[in-house]
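# Structural description and commentary
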Amino acid sequence: MTIYTLFATCPRGLETILVQELQQQGCTDISPTDGGASCKGTLAQVYRVNLHSRTASRVLLQLTRTTYRSEDDIYKAAKNLKWQEWFNVNQTFKVKVEGKRANVKSLDFIALKIKDGVCDRFRDQVGERPSIDKSRPDVRIHAFLDERNVSIFIDTSGEALFKRGYRQDTGEAPLRENLAAGLLLLAGYDGSQSFQDPFCGSGTIAIEAAWIALNRAVGLNRRFGFEKLANFDRALWTKLKSEARAQIKDKPQAKISASDNDRAMTRACQENAMTAEVDMFIEINILDAQYTQPNGEKGIVLSNPPYGVRLAEVQALHALYPQLGSWLKQRYAGWTVGMFTGDMEMPKLMRLKPKRKIPLYNGNLDCRLFLFDMVSGSNRAK
């Protein structure tokens with residue numbers, strides 16, 4: 001059984017959760033780094049991480065790691081790989097190169113050199129070259145350069161893993177699905193607690209909560225890059241999917257509610273929940289945040305409230321925060337509250353003291369997940 005070196009990427013700030021997920025799927029030698037983790041695993045682990053990881057963005061399989069001094073060394077490294085063991089000449093491919101302190105003039109030029117290496121290898125072996133497809137390639141090749149080393153990977157995920165296949169209407173600034181799931185897991189949500197999102201937007205956090213509560217694998221409704229590779233083990237993949245289906249619970253243990261004061265958003269939330277097959281498990285309401293009521297004894301409120309970009313929006317939100325703070329203190333004693341925002345002033349203006357501030361990025365936007373333990377009346381920041 002071949003053991004591969006893998007690298008799973010994730011949104012920055014979710015590395016600790018990703019490591020736990022890799023352990024759960026049986027990976028070994030796990031080593032976290034900024035924006036991901038390297039590990040070892042068989043084909044079963046490759047398939048399982050793609051199918052089950054709620055926070056991973058991609059699972060890359062390393063084909064080589066070698067030192068380089070010139071662009072030509074990188075071309076040779078690509079040409080020396082037995083590409084025909086991974087895909088055939090009739091399939092299309094695409095190369096993406098990233099670097100950190102890379103000693104080359106241009107990463108785009110390196111992508112061309114790797115592409116030439118792949119094509120020349122095929123031409124030498126089978127007499128023709130495969131084609132490039134930049135938008136929907138059958139096979140994606142990733143390379144990563146640092147000062148001295150180049151690593152070349154084949155992408156086993158295909159489309160990024162946050163694309164679960166349920167999002168129809170994204171709304172204004174959608175939260176990526178794997179980031180939403182990571183926020184829930186960081187807040188301690190495991191499906192046994194009541195859950196509410198009072199700023200639900202198009203519903204991503206509530207839908208991810210429902211999938212956690214149902215123990216539903218996130219990759220059941222989509223296709224993966226590994227299905228197009230030459231070593232694809234269809235029997236193994238069918239077995240892993242049916243095992244995952246057998247583990248889905250009939251219904252969540254506790255209530256899940258989502259609300260928003262924007263009718264168009266709640267409609268989008270409803271549609272996305274239907275596509276995700278969880279609309280019957282999420283109570284969706286059109287409501288101002290501070291009119292929501294707890295849907296259980298103790299639970300988790302987790303939200304990505306709007307954060308303003310224009311000054312007038314920021315001022316309106318800053319006027320709302322103190323009201324939010326008092327509403328949470330009055331109604332949600334005993335609950336854990338998580339607010340994910342790019343507004344670092346939020347806790348101070350809510351007059352609440354967070355028990356944890358977790359730095360995360362929403363795309364390139366520097367954000368925080370503020371976690372509060374709501375204690376009636378005594379949680380006020382002095």
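Here the structure is a predicted model, which is why all the values come from computation and not from measurement.

### Describing the environment of F7
Along the chain, F7 turns up in strand β1 (residues 4-9). F7 sits 197 residues away from T204 along the chain, and the two C-alpha atoms are 26 Å apart.

### A word on the domain arrangement of the protein
Considered domain by domain, the protein is made up of domain 1 (4-155) and domain 2 (177-216 + 250-374). Placing the centre of domain 1 and that of domain 2 at their C-alpha centroids yields a distance of 35 Å. Each side of the interface is counted separately: domain 1 has 11 residues, and domain 2 has 13 residues. In this assembly, domain 1 packs against domain 2 so that about 990 Å² is buried in total across both faces, 60% of it on carbon and sulfur atoms.

### Focus: the side chain of Q45
One can find Q45 in helix α2 (residues 43-52). Here Q25 takes part through its backbone oxygen, which lies 3.1 Å from a polar atom of the side chain of Q45. Here Q45 is in contact with Q25, G26 and C27, once residues within four sequence places are set aside.

### Some words on the UniProt feature "domain: THUMP" (unreviewed entry) in the protein
As recorded in UniProt, the sites labelled "domain: THUMP" (unreviewed entry) are residues 45-156. Overall, residues 45-156 shows 33% helix and 28% strand. The separation of its end C-alpha atoms is 11 Å.

### Some thoughts on the sheet that holds strand β12 (residues 336-341)
Here 7 strands make up an open sheet; going across it, the order is β10-β9-β8-β11-β12-β14-β13 and the pairing mixed. Two strands lie at the open edges of the sheet, namely β10 (282-286) and β13 (356-362), each paired on one side alone. On average, each strand axis in the sheet is inclined to that of its neighbour by 15°, with strand direction left out of account. Bridge analysis of strand β9 (residues 256-260) against β10 gives 5 bridges, and the strand direction is parallel. Counted as the bridge partner of A258 is I284 from β10. Of the strands in this sheet, β8 (194-197), β9, β10 and β11 (299-303) are in contact with helix α6 (residues 204-213), which crosses β9 at around 175°.

### What to know about the sheet that holds strand β2 (residues 28-33)
Here 7 strands make up an open sheet; going across it, the order is β2-β3-β1-β4-β7-β6-β5 and the pairing mixed. Here the strands that pair on one side only, and so sit at the sheet edges, are β2 and β5 (93-99). When the angles between neighbouring strand axes are averaged without regard to direction, this sheet yields 25°. In the sheet, β5 pairs with strand β6 (residues 139-145) via 7 bridges, with the strands oriented parallel. Each residue of the ladder has a partner; that of V95, found in β6, is I141. Packed onto the sheet, α2 meets β1, β3 (36-41) and β4 (58-67) and runs at close to 135° relative to β4.

Criteria and thresholds
- Residues numbered from 1 in each chain as written.
- Predicted model: local features only at pLDDT ≥ 70, side-chain atom pairs only at ≥ 80, totals over all residues.
- Heavy atoms only, no water.
- Helix = DSSP H or I, 4+ residues; strand = E, 2+ residues; numbered from the N terminus.
- Domains from an automatic or database assignment.
- Contact = heavy atoms within 4.5 Å.
- Buried area = accessible area lost by both parts, 1.4 Å probe.
- Polar contact = N/O pair within 3.5 Å; in protein donor to acceptor, adjacent residues only side chain to side chain.
- UniProt positions renumbered as here; feature names shortened; annotations may be inferred.
- Pairing = 2+ DSSP bridges.
- Axes fitted to C-alpha atoms, helices over the stretch in contact; angles between N-to-C directions.

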